[in-house]
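Below, each chain spelled out in residue letters.
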Amino acid sequence: MPRFNVMENYLVPKHTILTSKEQEKVLADFNTTPSQLPQIPLIDPCAKAIGAKAGDIIKIERESPTAGTSIYYRLVVAEWSTVDE
Amino acid sequence: MVSYQYIPKKISRIQFALISPDEVRKMSATKIITADTYDDDGFPIEMGLMDPRLGVIEPGLKCKTCGRKVDECPGHFGHIDLAMPVIHEGYTKLIKELLQSICRACGRVKLPKERMDLYLGKIRELGDISLHPFQFQTMTDQIRDEAMDSMQCPHPDCGEKCKAISLDKPTTFREEGHKLTPKEIRERLERIPGEQLPLLGINPEVARPEWMILTSLPVPPVTVRPSITLESGDRSEDDLTHKLVDVLRINQRLQENRDSGAPQLIVEDLWELLQYHITTYFDNQTSGIPPARHRSGRPLKTLAQRLKGKEGRFRSNLSGKRVNFSARTVISPDPYISINEVGVPKEIAMELTVPIRVNEFNFEQTKEFVLRGPEVHPGANYIIRPDGQRLRLTDKNKESLLEKVMVGYVVERHLMDGDIVLFNRQPSLHRMSMMAHEVRVMEGKTFRLNLPDCPPYNADFDGDEMNLHCLQGEEARAEAMIIMRVQEHILSPRFGGPVIGALHDHISGSFKLTYKNPMFTKDDAYHILSRTSYKGPLPEPDSVGEDGVKRWGGRTIFSLILPPGLHMEYPSAIFTGDETSRKEDTYVVIEPDDSGRSLLRSGAIDEKSIGAFKGKLLEKIVRDFGTDIGRQFLDDATRLAIATITLIGFSTGIDEEDIPEEAKLRIQETLDDAERKVDDYVKKFNSGYLDPLPGRDLKETLEVEAMKTLGRARDQAGQIASRYLGLGNSAVIMARSGARGSMLNLSQMSGSIGQQAVRGERIQRGYQGRTLPHFKVNDLGAAAKGFVKSCYKKGLTPTEYFFHSMGGREGLVDTAVRTSRSGYMQRRLINALEDLKVLPDLTVRNTSEVIVQFLYGEDGIDPSRSVRSEPFDYDDIIMTAMREVD
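Everything numeric here is computed off the predicted structure, so don't read it as measured data.

Visitor: How should I be thinking about the interface of chain B and chain A in this particular structure?
Guide: Contact residues are listed per partner, giving 21 residues for chain B and 19 residues for chain A. When chain B packs against chain A, close to 1,500 Å² is buried across both sides, 55% of that on carbon and sulfur atoms. Interface area lost by chain B to chain A is led by B:Phe134, B:Phe854 and B:Glu858, which between them contribute 42%. The interface formed by chain B and chain A holds zero salt bridges in total. Where chain B meets chain A, there are six residue pairs in polar contact (both at pLDDT 80 or more). Elements with a minimum of two residues in the side of chain B that touches chain A: helix H4 (133–149) and strand S30 (851–853) of chain B. If one sorts the elements of the side of chain B that touches chain A by residue count, H4(B) sits on top with four residues. Class assignment of the residues belonging to the side of chain B that touches chain A gives a composition of seven nonpolar, nine polar and five charged.

Visitor: Help me understand unusual backbone geometry in this model?
Guide: Here the bond from B:Gln426 into B:Pro427 is cis, since omega is -5°, no more than 30 degrees from zero. Tracing the backbone shows B:Pro427 in the loop between strand S14 (420–424) and strand S15 (434–442). If you check the backbone angles, A:Asn31 has positive phi at about 50° while not being a glycine. Summarising the element assignment, A:Asn31 is placed in the loop between helix H1 (20–29) and strand S2 (39–41).

Visitor: How should I be thinking about the side chain of B:Asn340 in this particular structure?
Guide: Residues and elements named next belong to chain B. Structurally, asparagine 340 can be placed in the loop between strand S8 (326–333) and strand S9 (341–345). A relative accessible area of 3% places asparagine 340 in the buried class. A polar atom in the side chain of asparagine 340 sits 2.8 Å from the side chain of glutamine 487. What asparagine 340 contacts, discounting residues up to four positions off in sequence, is Ala436, His437, Glu438, Arg485, Val486, Gln487 and Arg631.

Visitor: Please explain a nonpolar patch on the surface as it appears in this structure.
Guide: On the surface, B:Phe872, B:Tyr874, B:Ile877, B:Ile878 and B:Met882 cluster together to form a nonpolar patch covering roughly 530 Å² of accessible area. With respect to the helices and strands, the residue B:Met882 is situated in helix H26 (residues 874–885).

Quick notes on the rules
- Residues numbered from 1 in each chain as written.
- Chains lettered and ligands numbered in written order.
- Predicted model: local features only at pLDDT ≥ 70, side-chain atom pairs only at ≥ 80, totals over all residues.
- Heavy atoms only, no water.
- Contact = heavy atoms within 4.5 Å.
- Buried area = accessible area lost by both parts, 1.4 Å probe.
- Salt bridge = Lys/Arg side-chain N within 4 Å of Asp/Glu carboxyl O.
- Polar contact = N/O pair within 3.5 Å; in protein donor to acceptor, adjacent residues only side chain to side chain.
- Helix = DSSP H or I, 4+ residues; strand = E, 2+ residues; numbered from the N terminus.
- Nonpolar A, V, L, I, M, F, W, Y, C, P; charged D, E, K, R; others polar.
- Buried < 20%, exposed > 50% of the residue type's maximum accessible area, 1.4 Å probe, protein only.
- Patch = residues over 30% accessible without salt bridge, like charges linked within 9 Å, V, L, I, M, F, W, Y side chains within 5 Å.
- Areas by Shrake-Rupley, 256 points an atom, 1.4 Å probe, with all protein chains shown as cover.

Structural data, given as structure tokens:
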């Protein structure tokens, strides 16, 4: 049976893992540290599907009715806490 | 000079811990043993609940513990030694989990040695708890779950079988039906080895689990529970004192009975009673037990009740404090002040003050304020010396104080015209609920506000009250002026259109002024314009009569208040797009003439132009010309409209809903026809010939068809009626121009009211098989199910009236339920979002700078400065460019 791939669903936006160079640029652009980024758990179906590791930053390109494409970044974390610290 | 007391410090760390019985005794100023408070002479009894060592509440006395006076002595705790241990109500859940995760015999955590070491290692690795509180929490929860699952002690030297432990709310623990006394529980918790406590989420350095079972109870200082002396000289004690008296009394009896070797049953009863009193002392709303009551039957307010809820310490005293320099009174309208202004009664203006620092430039002015004193309007109430001492001005001492005033003093002068104040109406649901206004001191006792300001505050004048806050610093005034002034909020951040705009009479008035361009004589034209800020001469007259009388069109007059260089074209509210509306009358065209002055060429100015929420003209002026000119335009337009409508007059009466006899007959026919159709459907339904609609059963089909038929009939009746209701009719002018009411209202008045609905269906409820005894059982016809054939003008039949009331009641209930529900939803939403902010780089972050959005709203656009969520008005830019090409 072919494995179901979430990334192929039309409702799932495009997820890509940033290279370390891109990571640095994102952090510099937003003048921020990884701990201040929104998080995504390692067990998230999308994170799993693209093979992300803890500490990676995932770039998400979402379709937006007002902005065309909106770009979002999420830090992959192993321990997922619901409340930000 | 800065007092060290006020140097702010950053809290680096908060640690929560349990208090041990030893600590309770150590911090105690005295042990409490007697339940009595005062002796016969009114002196507090030593070692009683009002012991003088617990602090002072009476002025003049000194504290026996610290020697300080009232307000200086913070109060001191005492303690009660409990005869038997008692469970602390707040920790029952934790106690249960602890009991379940430890062995009942040896007290060790029910984990094999290697698992325990693994977890302990992990916890050590995690290090300081304060760095990862949530990881720590999840881990200890997991460990506890694992330990609870084990059915037998895994330690080889023990191997005790586990027994199921249950908790009978609120404080009774059972082990397979057998009751566990607090004493037994305490002994078990004592057996947990300290080094295993981290596994259970407890820091052994600051807490031991057995401390959750109380053996000594701290008694709060008297300053926390002051007794009050009534006028009659009787003392009335605080609820906490009452509760502590109960605790002491039972404690004493328990001790006596136990020591005298009373039967086990009696001791246990007393023990349980002590548990009840201590539980209610902490929280008098613990579920599962009746709340302790006062003699009068009022439930006591104990510790938890002091803190909890809207009237609790947090929401009422810490988050929400009362403020000085504020005023509250009833509001009433004043259409002749600017939208930026607020009318303040003189009495209030003489109570609220603005601090003025005296310098060489304002020296003479400030002296005048002082000279006039507190009883003459622009006077002063206080002067403040440079050392901070406040001196109250009175009529008697104003001369002597006047001589003292020097540079460096502060004079608190009365509120005056032009001062900036904040004005607010609750509920404060959005930022427009609190705006900055300029003061206009007036006679009378109410705050006056201009009508366009009503929608943002959601205010009306049926007795509403509003609050006013007087700003006390230059910085605050400047900030309020720039970002909180009313004119800065004309465009709403919700939908980008105007929330502040013309209402009701303003719209009727400007419609009367511009629709079909009526002519005004020179006198009338000047009269209307005299109310506005327009200062120039009248332009060339639009017509000169045969008698030589010069006349000006309403559109020409309106054009005078438009800012120059305006190009606009849009349909007005009365535009229908068919042959009934001439483009000349209904399509607004604004163009500049050769000299650049804007001219209203055609159309009527109504809700679509200047109305709140819909006014396109107002929106464009505010957006393109700025808020100053926008405010000026709105002020002028509303005054122009009011002047017009008072000049030509505008009234409506019940005869405006009269329609000719033949029209009434035709409406009657239409409705009868519809009723017959419904009867046909009912017949078909009863005989089984009705074809069901897709996805519906027979009954539903009948209902849908009946609703459709009757709805259509109502519309048709309305259409017939409105054919006789033209724009010569004031009620129609109001409805069509958007000033007030709708054509539906009018057609209900002169056509037919139509089907009444409860829960979106024809009326079903009532007796068995029928709604009212006036109908036959199982009558499914129109009249029996709430169709109101009559119109309001004609009057309703009794059954119709009853159905109409049912529909009306549902509406009222819905609004009541909706407001309370949406209020709570909004509160939760605000609490969740209140610390989010947009930074200069347009990211949205919270207080710890964690990013929530990388670009505000995904597109970085401020809705109040955008045009239909685009950053620019592209259509307008193209139109402008095309004009320039021409």
